[in-house]
Amino acid sequence: NRVSITPNEASAFHTERGESIAAWQAALPHKLPTKLGQLARKLERDNGPYEHRAVYEESEIRAAFALLKRVREGRFERDLLDNPIYFDFYLGYAIAAARTGEAVLYVSTVNGQPAAMLFGLAGDGIFHGMLIGADTEAFGKFSVGRQLYYQAILTQFELGCSRVDLSLGNSGYKSDFRVLPTTLSNFTSALSLTGAAVAFVYNHAKPLKNVLREHVPHVR
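Computed from a predicted structure; not experimentally measured.

Caption draft 1: Highlighting the overall build of the protein. A count of helices and strands for the protein gives seven helices and seven strands. Its helices and strands taken in sequence order, the protein reads β-α-α-β-α-α-β-β-β-α-α-β-β-α from the N to the C terminus. The dimensions of the protein, computed from C-alpha atoms along their principal axes, are 60 × 40 × 40 Å. Buried residues in the protein amount to 35% of all 220 residues. Within the protein, residue pairs in contact and separated by at least 24 positions form 71% of the contacts whose partners lie at least 6 positions apart. If the 24 positive side-chain charges of the protein are averaged to one point and the 22 negative ones to another, these points end up 7 Å apart.

Following this line, the structure appears as structure tokens:
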């Protein structure tokens, strides 16, 4: 079957330690370490003890995933984690992988309660961030998600990791961490005329819509 290859609108992003952690930190934009430190101290003054660490106990993992479920509710259209099959898979894997070290769950707590979580795979000198959630309703002005990612990256670099993969999606806050993009492609193979039509729409409708939006602003 003929395979068509088209550019994917999304990119993946990663950051590399380079020659040293100090050099990586020094090259971060917007004096990020200083700003995050100031925010962390203010959060602690206003709300109580604030810490970041990897968690391994099942009760702590379940509490972190409960936070993830709560903060993602209604945020994403057709969120896979709304399906208990997917949510229970990731939760079960996080519990099992905590015993082997093949995955790590980092959690930020405020007064002992989860405020942000980051779950990812670890191995071969690379940490792959997969799921992140932060209580932006309570702590949004303190950038708790960005705080946790920064601390997790530092921890992984200190453990000898050379690269941290910040996964798919718009660069947004990720650009604060000197990220490098990895372009993605769609590979599509259709087994029927109907399948070919669906593949054509999937691969070309969004780019066409973007072109129309640029020239005809009221198009949505």
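Caption draft 2: Local environment of the packing of aromatic side chains. Across all of its chains, the model carries 10 aromatic pairs by this definition. A centroid spacing of 6.0 Å and a plane angle of 75 degrees characterise the contact between F65 and F87, whose relative ring orientation is edge-to-face. In this pair, F65 sits in helix 3 (residues 58–72) while F87 sits in helix 4 (residues 84–97), placing the two residues 22 residues apart along the sequence. In this structure, F65 and F87 share a single accessibility class: buried. Between Y149 and Y173 the ring centres are 6.1 Å apart and the planes differ by 35 degrees, which places this aromatic pair in the tilted class.

Caption draft 3: Inspection of helix 3 at higher detail. For helix 3, with 15 residues, the first-to-last C-alpha span of 21 Å sits near the 21 Å given by 1.5 Å per residue. The inward-facing, buried residues of helix 3 abut strand 2 (50–55), helix 4, strand 3 (103–110), strand 4 (113–123) and strand 5 (126–134). Trailing helix 3 by a residue or two, G74 shows a phi angle of about 75 degrees, which is positive.

Caption draft 4: View of the sheet that holds strand 2. As summarised here, the arrangement of the seven strands in space is 2-3-4-5-6-1-7, forming an open sheet in which the pairing is mixed. Each edge of the sheet is formed by a strand with only one pairing partner; in this case those strands are strand 2 and strand 7 (180–189). For this sheet, the mean inter-axis angle between neighbouring strands, taken without regard to orientation, is 30 degrees. Taken together, the six bridges between strand 2 and strand 3 define a ladder with antiparallel strand orientation. Within the sheet, the bridge partner assigned to Y50 lies in strand 3 and is V110. Taken strand by strand, helix 3 contacts strand 2, strand 3, strand 4 and strand 5, and its axis lies near 105 degrees from that of strand 4. Packing of helix 4 onto the sheet brings it into contact with strand 3, strand 4 and strand 5, and relative to strand 4 it is tilted by some 70 degrees.

Caption draft 5: Main features of the packing of helix 3 against helix 4. Contact geometry of helix 3 with helix 4 gives a least axis separation of 10 Å together with a crossing angle of 150 degrees. As far as their axial angle goes, helix 4 and helix 3 are roughly antiparallel. At the point where helix 3 passes helix 4, the crossing takes the right-handed sense. Here E58, I61, R62, F65 and K69 of helix 3 lie close against helix 4, whose contacting residues are F87, Y90, L91, A94 and I95. Broken down by class, the residue content of the contact of helix 3 with helix 4 amounts to seven nonpolar, no polar and three charged.

Caption draft 6: Up close: a nonpolar patch on the surface. A contiguous nonpolar surface patch, about 330 Å² in accessible area, is contributed by V3, I5 and F187. When you line up the elements, F187 lands in strand 7.

Caption draft 7: Fine view of unusual backbone geometry. Backbone geometry at N111 places phi at a positive 55 degrees, although glycine is not the residue there. Checked against the element boundaries, N111 lands in the loop between strand 3 and strand 4. Taking the relative accessible area as the measure of exposure, N111 reaches 49% and is therefore partly exposed. Not every positive phi belongs to a glycine, and S143 is a case in point at roughly 55 degrees. Take S143: it is sitting in the loop between helix 5 (136–139) and helix 6 (144–158).

Conventions used here
- Residues numbered from 1 in each chain as written.
- Predicted model: local features only at pLDDT ≥ 70, side-chain atom pairs only at ≥ 80, totals over all residues.
- Heavy atoms only, no water.
- Helix = DSSP H or I, 4+ residues; strand = E, 2+ residues; numbered from the N terminus.
- Buried < 20%, exposed > 50% of the residue type's maximum accessible area, 1.4 Å probe, protein only.
- Contact = heavy atoms within 4.5 Å.
- Lys, Arg positive; Asp, Glu negative; His and termini not counted.
- Charge placed at Lys NZ, Arg CZ, Asp CG, Glu CD.
- Phe/Tyr/Trp six-rings, centres within 6.5 Å; stacked < 30°, edge-to-face > 60°.
- Expected span 1.5 Å × (residues − 1).
- Pairing = 2+ DSSP bridges.
- Axes fitted to C-alpha atoms, helices over the stretch in contact; angles between N-to-C directions.
- Parallel < 35°, antiparallel > 145°, perpendicular 65-115°, else oblique.
- Left-handed = near helix turned anticlockwise from the far one by under 90°.
- Nonpolar A, V, L, I, M, F, W, Y, C, P; charged D, E, K, R; others polar.
- Patch = residues over 30% accessible without salt bridge, like charges linked within 9 Å, V, L, I, M, F, W, Y side chains within 5 Å.
- Areas by Shrake-Rupley, 256 points an atom, 1.4 Å probe, with all protein chains shown as cover.
- Salt bridge = Lys/Arg side-chain N within 4 Å of Asp/Glu carboxyl O.

Taken by themselves, the reported measurements are silent on function.
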